[in-house]
Amino acid sequence: MGFLGGVDDLERFLTRSCYLSIGSVPVSWALMVFLVADSGWHFSYLLGAVLPLIAAYLGIRGKREIRTGMSATAFGLAFVSLPLMIALGYLAGM
């Protein structure tokens, strides 16, 4: 199972998924603060506050319990939350 660099090691996959999901939390919160200051509050910004926290929890738990599906879900949630938040904020502002 190669992931971000073609490494076929399960421990590296779990570690990278965990770190990427944890790293998405401050990025998402910073983007949320920027967007709130720029265009005002939209309820779609709650996705930027909640989904990365859920992803970080799943990433940590998936690494601890050695569950690849949970780690992949955590990475997917962390990756999808930012574009989804921006898209819903754009649609609400129209």
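Residues numbered from 1 in each chain as written. Predicted model: local features only at pLDDT ≥ 70, side-chain atom pairs only at ≥ 80, totals over all residues. Heavy atoms only, no water.

J.: Describe the environment of phenylalanine 13, with residues and values.
T.: Structurally, phenylalanine 13 can be placed in helix H1 (residues 10-39). We classify phenylalanine 13 as buried; its relative accessible area is 7%. Residues phenylalanine 13 and threonine 68 lie 55 residues apart in sequence; the distance between their C-alpha atoms is 8.1 Å. (Helix = DSSP H or I, 4+ residues; strand = E, 2+ residues; numbered from the N terminus. Buried < 20%, exposed > 50% of the residue type's maximum accessible area, 1.4 Å probe, protein only.)

J.: Mind laying out the packing of helix H2 (residues 46-65) against helix H3 (residues 68-93), listing which residues take part and the relevant values?
T.: Packed helices, taken two at a time, are described by their axes: the angle between them and the distance between them. Packing of H2 against H3 brings their axes to within 7 Å, and their N-to-C directions diverge by 170 degrees. What the angle tells us is that H2 and H3 run roughly antiparallel. For the pair H2 and H3, contact is made by Leu47, Gly48, Leu51, Pro52, Ile54, Ala55, Leu58, Gly59, Arg61, Gly62 and Lys63 and by Met70, Ser71, Thr73, Ala74, Leu77, Ala78, Ser81, Leu84, Met85 and Leu88, respectively. In terms of residue class, the contact of H2 with H3 is built from 13 nonpolar, 6 polar and 2 charged. (Axes fitted to C-alpha atoms, helices over the stretch in contact; angles between N-to-C directions. Parallel < 35°, antiparallel > 145°, perpendicular 65-115°, else oblique. Contact = heavy atoms within 4.5 Å. Nonpolar A, V, L, I, M, F, W, Y, C, P; charged D, E, K, R; others polar.)

J.: A description of the packing of aromatic side chains should follow, citing residues and the corresponding values.
T.: By the definition in use, this model includes 1 aromatic pair. Centroid distance phenylalanine 75 to phenylalanine 79: 6.1 Å. Interplanar angle 20 degrees. Geometry classified as stacked. In this pair, phenylalanine 75 and phenylalanine 79 both sit in helix H3, 4 residues apart, roughly one turn of the helix. Take phenylalanine 75: its relative accessible area is 24%, and that puts it in the partly exposed class. (Phe/Tyr/Trp six-rings, centres within 6.5 Å; stacked < 30°, edge-to-face > 60°.)

J.: Account for the packing of H1 against H2, naming residues and giving values.
T.: Close contact between H1 and H2 brings their axes to 8 Å; oriented N to C, the two are set at 165 degrees. What the angle tells us is that H1 and H2 run roughly antiparallel. For H1 against H2, the interelement crossing comes out left-handed. Touching Glu11, Leu14, Thr15, Cys18, Ser21, Ile22, Ser24, Val25, Ser28, Trp29 and Met32 of H1 are Gly48, Ala49, Pro52, Leu53, Ala55, Ala56, Gly59, Ile60, Gly62 and Lys63, all from H2. For the contact of H1 with H2, the per-class residue count stands at 12 nonpolar, 7 polar and 2 charged. (Left-handed = near helix turned anticlockwise from the far one by under 90°.)

J.: Mind laying out the side chain of serine 28, listing which residues take part and the relevant values?
T.: Tracing the chain through its elements places serine 28 in helix H1. Among the polar contacts made by the side chain of serine 28, one reaches the main-chain carbonyl oxygen of glycine 48 at a distance of 2.6 Å. For serine 28, the contacting residues outside a window of four places in its chain are Gly48, Pro52, Leu82 and Met85. (Polar contact = N/O pair within 3.5 Å; in protein donor to acceptor, adjacent residues only side chain to side chain.)

J.: Kindly report on unusual backbone geometry, identifying the contributing residues and their values.
T.: In this structure, isoleucine 66 is a non-glycine residue whose phi angle is positive, near 55 degrees. Among the structural elements, isoleucine 66 can be located in the loop between H2 and H3.

Scope: geometric values only; no functional claims are made or implied.
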